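# A look at the structure
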Amino acid sequence: MQHFNILTRRGFFEMAMKTGAAAALASLTDIPFVMKRALAETGIGRNNKKLFFIFLRGANDSLNSVIPINDDGYGPGIRPTLFIPKDPATDYSASGVPADFPVAGPNGATFAYQNALRLGNGFAALHPSLKFLAPVYNSGDLALVHRVGYPRQSRSHFDSQNYWENGSPNNNMAKDGIFYRTIVESGLANTSPLTGVSIQSTLPLLLRGSRAAMTNLNDPTRYGLLGIPNTDPGNIKADAAVSEALGMQFPEKHNRELLRLQYKNLIETMTIFKEQMDFSEAGNTYTDDENTDGDYPYYLFPTTNAKNGGYAQHANNANKYVVDTGAYGFMGRLKAAAMILNNTDAIIAGTEIGGWDTHSNQGKVTGSHPNLQRRVAWAVYALKKYFTKYGNKCKWDDVVVVTLSEFGRTTKENSDAGTDHAEAGVMFVAGGGVKGFTPGARSGVIAAHPNDPVPWVTGTTEKVSTMFGASSRYLKRSVDYRSVLGEVIREHLGASQEQLNRIIPGYADESRERLRLGGAVNVREENNNTVIRGEVDVV
């Protein structure tokens, strides 16, 4: 377990230059003042609303997720091995109808269907590996936000992940995360042991900052101090070690309040995990409440072959898996993050999936990218079912699930049957309060239609087509990721606009950034302006 409180001397001076030395010093030495201001303003953490994040690290090929199937420019000419064809029996121009969900049945392979899945907006389709998004989409609980990016898009994994996480594109001086600032603005970071939690190898920048300690767990089954086993003797040893450290006397002039808070939170966190949650495989008993694929009520978090779809019910048939066997570590982390968000006062929790840097052998309907997409689709479906069926402190209507990925990938397939670094991508936003598909009225697909407020321009002429609109080779953006996250933080989590201006600095500069209202933003690598929608009314 890691409770992080990170501030380098260089970072302090950078913050001092940007905000003024007095303000920077106050943020370090007067934590109660910061919290009092937040408590006076905020609904964050008090309206029972929570956020679940999944970072797709390596850059997802969004054109292989939400496919512009009715764009004449999409086809085997640009994607000779990755192109997903239409089903000849399906009318992809039909609007207002539910997404297609091909049911495997007891004798069929889970992913036997190999054509594009109609989304019912008359233009876009899903990759068949994302079939388990369809039930969530059809219930109105999923929005697919396409053409997402930010101004002056970096194609560096390191830089672009930083910008997505710090909420300040092209600013490498910002060392705290967008979700960290959200929690600080909630005012709860010095009163609750768990506010922001990640389940992955290290605490992501999303939750890093200098004024409060967030929690990171690598292995939730070994959450004790220094990896001490979760046994009675081990817990006694760990508790004693932390209690002894907490009792040490430090000069007040060195501002030890935050250190004491960190130790206090660590003790309380270990107690909560020890007494309230079973992260073990034996505790992985969460199942679906229906015959998901016309077959069997599956386990929601497949972490073994026996719990992976209908494998065990069909004489160990690997064709009945819902995720690839390499997904078990991720599914365990997903379960742990869901359990923590559901059973504690944590406001934000999440995890990550690596492996999205698909430069070669990306795979058409099988292979690395389809396998990754199966993980995402099943994760979103499982979270919906978990918070609906097992909701405790967090019901499905109280949670929003968001995916993040640093950029999209090239419109044209490369010579290695993969795709390279590009610009715009796609975000999946799910939850009981998400404004998604309504039959005959509202599409759950945003920014992927010629009639969108910022139209998707179709055609094979590369200088005109949206798929080649950025630098004549990349999918052109029309939505800023900060607008999506900003709307979720304000409308769902309950931040005031003044708080949001501090959480996402671009909101405080509306005349230039236009995150809320939308407008034309000049992008240096293009000859014309890119029109940005602003907020997309997702929650």
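Up top is the structure.
Here goes a summary of the coordinates provided. (Residues numbered from 1 in each chain as written. Predicted model: local features only at pLDDT ≥ 70, side-chain atom pairs only at ≥ 80, totals over all residues. Heavy atoms only, no water.)

## Here we look at the overall build of the protein
Helices and strands together make up the secondary structure of the protein, namely 13 helices and 15 strands. Classification of the 539 residues of the protein by burial places 59% in the buried group. Across the protein, the fraction of contacts at a sequence separation of at least 24, relative to all contacts at a separation of at least 6, is 71%. On the protein, roughly 19900 Å² of surface is accessible, and the fraction owed to carbon and sulfur atoms is 51%. (Helix = DSSP H or I, 4+ residues; strand = E, 2+ residues; numbered from the N terminus. Buried < 20%, exposed > 50% of the residue type's maximum accessible area, 1.4 Å probe, protein only. Contact = heavy atoms within 4.5 Å. Areas by Shrake-Rupley, 256 points an atom, 1.4 Å probe, with all protein chains shown as cover.)

## Observations concerning the packing of aromatic side chains
Scanning all chains against the criterion turns up 20 aromatic pairs. With 5.5 Å between their ring centres and 20° between their planes, tyrosine 137 and phenylalanine 437 make a pair best called stacked. Of this pair, tyrosine 137 sits in helix 4 (residues 133-138) while phenylalanine 437 sits in the loop between strand 11 (425-431) and strand 12 (445-446), and the two are 300 residues apart along the sequence. Assigned by exposure class, tyrosine 137 and phenylalanine 437 land together as buried. Here tyrosine 150 and tyrosine 481 contribute two aromatic rings whose centre-to-centre distance is 6.0 Å and whose plane-to-plane angle is 75°, an arrangement assigned as edge-to-face. Taken together, the positions of tyrosine 150 in the loop between strand 6 (142-149) and helix 5 (157-166) and tyrosine 481 in helix 11 (residues 481-492) put the pair 331 residues apart, joining distant regions of the chain. By the burial criterion, tyrosine 150 is buried, and tyrosine 481 matches it. Put simply, the rings of Phe101, Phe111, Phe132, Tyr298, Trp378 and Tyr381 pair up and form one aromatic cluster. One residue, lysine 307, lies across the ring of tyrosine 299, its end atom 5.2 Å from the ring centre. The ring of phenylalanine 111 is capped by arginine 374, whose NZ or CZ atom sits 4.0 Å from the centre of that ring. (Phe/Tyr/Trp six-rings, centres within 6.5 Å; stacked < 30°, edge-to-face > 60°. Lys NZ or Arg CZ within 6 Å of the ring centre and 35° of its normal.)

## Observations regarding the pattern of salt bridges
On inspection of all chains with the given rule, the structure shows 28 salt bridges. Measuring nitrogen to oxygen at the nearest pair gives 2.8 Å for the salt bridge that ties arginine 79 to aspartate 61. With arginine 79 in the loop between strand 3 (66-67) and strand 4 (117-118) and aspartate 61 in the loop between strand 2 (50-56) and strand 3, the pair connects residues that are 18 residues apart, well separated along the chain. A single burial state applies to arginine 79 and to aspartate 61, both of which are buried. Note that aspartate 452 is salt-bridged to arginine 147, the shortest N-O span being 3.7 Å. Note that aspartate 452 is positioned in the loop between strand 12 and strand 13 (479-480) and arginine 147 in strand 6, a separation of 305 residues in sequence. Each member of the pair aspartate 452 and arginine 147 is classed as buried. One salt-bridge network, held together by shared partners, links Asp480, Arg482, Asp509, Arg512 and Glu513. (Salt bridge = Lys/Arg side-chain N within 4 Å of Asp/Glu carboxyl O.)

## Brief notes about helix 5
Burial within helix 5 is extensive, with seven of its ten residues counted as buried. Among the residues of helix 5, Ser160, Gln161, Asn162, Tyr163, Trp164, Glu165 and Asn166 are the ones counted as buried. If you follow the buried residues of helix 5, they end up packed against strand 2, strand 6, helix 6 (178-186), strand 10 (399-404), strand 11 and helix 11. Phi turns positive one or two residues past the end of helix 5, at glycine 167, with a value near 70°.

## Details of the sheet that holds strand 4
Sheet architecture is open: three strands sit in the order 3-5-4, paired in antiparallel fashion. The sheet is open, and its two borders are formed by strand 3 and strand 4, each paired with just one other strand. Bridge count for strand 4 against strand 5 (residues 125-126) is two bridges, and the pairing is antiparallel. Among the inter-strand pairings, leucine 117 is bridged to a residue of strand 5, identified as leucine 126. (Pairing = 2+ DSSP bridges.)

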